[in-house]
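# Coordinate inspection notes
One-letter residues, chain by chain:
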Amino acid sequence: MVTILSQISILGHGLAAALFAALTIWQFQRKTERNRTQQSLVLALAFTSFWALSIAVEGAFSPISNFAESLRNMGWLIFMFVLLRVGEGRHQPTAVNIIYFALAFVLIGQIVVDSLIPIFTGSPRLASMAAYTSLVLRMLFAVGALVLVHNLYSISAPETRGGIRLPMAALAAIWTYDLNLFTITYLTQQFSLELTAMRGPAMACIAPILALASVRNTEWRLKLSRSVAFRSLSLVAIGGYLLMMIVIATALQIIGGDYARLAQISFLFGTSIAALLLLPSGKFRAWFKVKLAKNFFQHRYDYRAEWIRFTDTIGRPGSDSAPFHERVVKAIADITESPAGILLMPDDAGRLTLQSRWNWPTIHVPSRACTTGTVPFFEETGHIIEFDALRADKVDQIDASAIPEWMTNDPQTWAAVPLVHFDRLAGIVLLARPRINRTLDWEDLDMLRVVGRQVASYLAEARSQESLSEAQRFDEFNRRMAFVMHDIKNLVSQLSLLARNAKRHADNPEFQADMIATLQDSAGKMNGLLERLSQHNKAKPEEPKPVKVAALLQSIIEKKRLLHAIESAQIDDLTAMADRTRVDQILGHLIQNAIDASTDGQPILINARRRDLSVAIEVLDRGVGMSSEFIRSQLFKPFASSKDGGFGIGAFEARSLAMAMNGRLEVESKEGAGSRFTLILPLASHLADDEIVNERVA
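Summarised in this report is the structure supplied together with it. (Residues numbered from 1 in each chain as written. Predicted model: local features only at pLDDT ≥ 70, side-chain atom pairs only at ≥ 80, totals over all residues. Heavy atoms only, no water.)

Here we take up the overall build of the protein. Helix and strand counts for the protein come out as 23 helices and 12 strands. Across the protein, contacts joining residues at least 24 apart in sequence account for 71% of those joining residues at least 6 apart. Approximately 37400 Å² of the protein is accessible, and the part contributed by carbon and sulfur atoms is 58%. (Helix = DSSP H or I, 4+ residues; strand = E, 2+ residues; numbered from the N terminus. Contact = heavy atoms within 4.5 Å. Areas by Shrake-Rupley, 256 points an atom, 1.4 Å probe, with all protein chains shown as cover.)

Of all hydrophobic cores here, the largest spans 46 residues; its most connected members are Trp 76, Met 80, Leu 148, Met 168, Leu 171, Trp 175 and Leu 210. Counting only elements with at least two residues in this core, the list comes to helix 1 (2-28), helix 2 (36-58), helix 3 (63-85), helix 4 (94-119), helix 5 (124-155), helix 6 (158-188) and helix 8 (199-216). In terms of residues, this core owes the most to one element, helix 5, which gives 11 residues. Not counting the four nearest positions on each side in its chain, Leu 171 is found in contact with Trp 76, Met 80 and Val 149. Core analysis: the second largest hydrophobic core is formed by 39 residues, Ile 604, Leu 635, Leu 657 and Val 667 among them. (Core = buried A, V, L, I, M, F, W, Y, C linked by side-chain atoms within 4.5 Å. Buried < 20%, exposed > 50% of the residue type's maximum accessible area, 1.4 Å probe, protein only.)

Turning next to the packing of helix 2 against helix 3. Direction vectors running N to C along helix 2 and helix 3 enclose 165°, while the axes themselves pass 8 Å from each other. Taken together, the axes of helix 2 and helix 3 lie roughly antiparallel to each other. Classified by chirality, the crossing of helix 3 by helix 2 is left-handed. (Axes fitted to C-alpha atoms, helices over the stretch in contact; angles between N-to-C directions. Parallel < 35°, antiparallel > 145°, perpendicular 65-115°, else oblique. Left-handed = near helix turned anticlockwise from the far one by under 90°.)

Moving on, we come to the packing of aromatic side chains. According to the stated counting rule, one finds seven aromatic pairs in the structure shown. Consider the rings of Phe 81 and Tyr 100, whose centres lie 5.0 Å apart with planes at 85°: the pair is edge-to-face. One end of the pair, Phe 81, is in helix 3; the other, Tyr 100, is in helix 4, and 19 residues separate them in sequence. Take Phe 81: its relative accessible area is 30%, and that puts it in the partly exposed class. Aromatic pair Phe 141 and Trp 175: ring centres 5.9 Å apart, planes at 75°, arrangement edge-to-face. One end of the pair, Phe 141, is in helix 5; the other, Trp 175, is in helix 6, and 34 residues separate them in sequence. For Phe 141, a relative accessible area of 1% puts it in the buried group. (Phe/Tyr/Trp six-rings, centres within 6.5 Å; stacked < 30°, edge-to-face > 60°.)

One open sheet accounts for five strands, arranged 2-1-5-4-3; its pairing is antiparallel. The open sheet has two edge strands with one neighbour each: strand 2 (352-358) and strand 3 (385-386). Here six bridges tie strand 1 (residues 341-346) to strand 2, and the two strands are oriented antiparallel to one another. Bridge pairing in strand 2 places Leu 344 opposite Leu 354. Packing of helix 13 (residues 324-335) onto the sheet brings it into contact with strand 1, strand 2, strand 4 (413-421) and strand 5 (424-432), and relative to strand 2 it is tilted by some 70°. Relative to strand 5, helix 14 (residues 374-381) is tilted by about 100°, and along the sheet it contacts strand 2, strand 3, strand 4 and strand 5. (Pairing = 2+ DSSP bridges.)

Considering all chains together, one arrives at 18 salt bridges under this definition. Residue Arg 424 is joined to Glu 379 by a salt bridge in which the shortest nitrogen-to-oxygen separation is 3.8 Å. Of the two residues, Arg 424 is situated in strand 5 and Glu 379 in helix 14; the sequence distance between them amounts to 45 residues. According to the relative accessible area criterion, Arg 424 is exposed, its value standing at 60%. (Salt bridge = Lys/Arg side-chain N within 4 Å of Asp/Glu carboxyl O.)

Another aspect to go through is the environment of Phe 636. Along the chain, Phe 636 turns up in the loop between helix 21 (628-633) and helix 22 (650-660). What Phe 636 contacts, discounting residues up to four positions off in sequence, is Ala 651, Phe 652, Arg 655, Leu 665 and Val 667.

Among the six residues in strand 1, six count as buried, and that is most of the element. Where burial is concerned, the two faces of strand 1 agree: the one with Gly 341, Leu 343 and Met 345 and the one with Ile 342, Leu 344 and Pro 346 are both buried. Here strand 1 folds back onto strand 2 in antiparallel fashion, the turn holding five residues, of which Gly 350 has a positive phi close to 85°. In the sheet, strand 1 pairs with strand 5 via four bridges, with the strands oriented antiparallel. Looking across to strand 5, one finds that Leu 343 is bridged to Val 429.

Shown next as structure tokens:
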């Protein structure tokens, strides 16, 4: 058995020496600018290779092996010290610097004590005391090194932790193995031959991890997130681990008999496998973070780090970044580690609609995402809703009727954060349930309330910028229209002159008559267009009055049938309160859009029916249709068009004219299946016969 362990030790340490030597040479010859961090890394790798080689040649307990182990630890200590010194951020925490000096002092003492052991060979008592002191110093260094690794990782900024995660994990594995070895040796008063032999293969497994870290990072750097005080949690954790090791190892030594050593190795292997299974788990990390924040820290959040992450997420530049409204959801969700969320924002009518999703494709949001009391409730109270408490009827100050049922019915909805800007609701962020379910405490509520106000200001600013951009584009459009009007006026004057000259100089009286009629009709239409544009610019629309819908639609259908096939399935004899000219203009836009979207032979359907206290005029086509994203974000925006060369004014102007008559415009569409536009106008409840007659005469 001893011979087999000796062979494993020689082969394992020899392999580790070869791997670390190859890694040293490769790192030294890399075609990168050699900085202090890389120089210290090469030194640490070389010392590790020398240590493994000395054990393979001289044995694990020789003086040169003990000295090489001290050199190895010194090399990695220098590497971590340089990594901290060249890092970005504030000055290094004093407590971490103290750990460095304490570990350096322990290493120097260890070298001195190891050098005294051969001198005391003639005195067994002094030699035993020196060996015991050397063992205690090695245990102290392993504990201090693990504390240092923990603190270096904890004080680094989140954006740089990915670069140092692998080397820190490798160093933690090295000193965790040493701590187990020295602890068992201290308890049993003899070196564990099995753990000593397996030390070489374990180091050989660590070499590829460091190689992978070198490939992924050409330059390791550490950026401090803040100047933190030394956290006692690492000492508590390692102290608890030592106590557990003492209890378990002593129990195994007493109970296990001849199999105690095997039980100790099995325990070490089992805990390592458990750590490999649990630590990569996102759910375990979330649970562990909640427990740490709850039991070991005064505050849940590192406010400086959270605020930096929040502003970076909101203002992330670049074409590859997510859309602005999606970044808004992510910035709030990251605070509570929620995996998904949606953003609801008021439309022009003040109703909440879905604006953006982030990692939440399964939640169904209806077209009317709020009740009549939702917006007033959040504007008056600004309450952050915790849905678990709402479902359990544990909240008294919340009006349940103001919360839509689709929110409470979905079990994944966890919290609703209102975004209030100067007592106006700019939106609501709905967060999905985090991996580890928990209740919101006062610190969560304060954090979300402050962030909600900040996000609301961002949304208000974005909307103001959008309105300003639209106003600027309208100003440019008006300037272009002024030139167009001037050209049309000149053309009308020329056509009028031509018509007058044709009356005097035509040779063929019949042809001349037809030409005169055509020219006069064209001139009349152009003058009418000029008049409409001028009236629209003056913004003095007439007051709505009773209009017979059936007669109006029939006249429009007769005129448009020359351009495209139009059918009507149901046109009720209804009277709406509207302006005939504006209704004609709205339907002209809608029918023309339907014609442009349809192919030849596909008729357009026009219906008119009563809907409650309104008149619903439908324009239905079976053309190319529109996507829901285009309808939500672009259809009613000026200068946004799905047609090549389109101005994007028709739908915007149609909705504006409908709203001016106390009506509205609804749209349903599906790509490849066509579109349905519905003009909703108020129904005239009382009619005067003379008004209807006068309208018909006019």
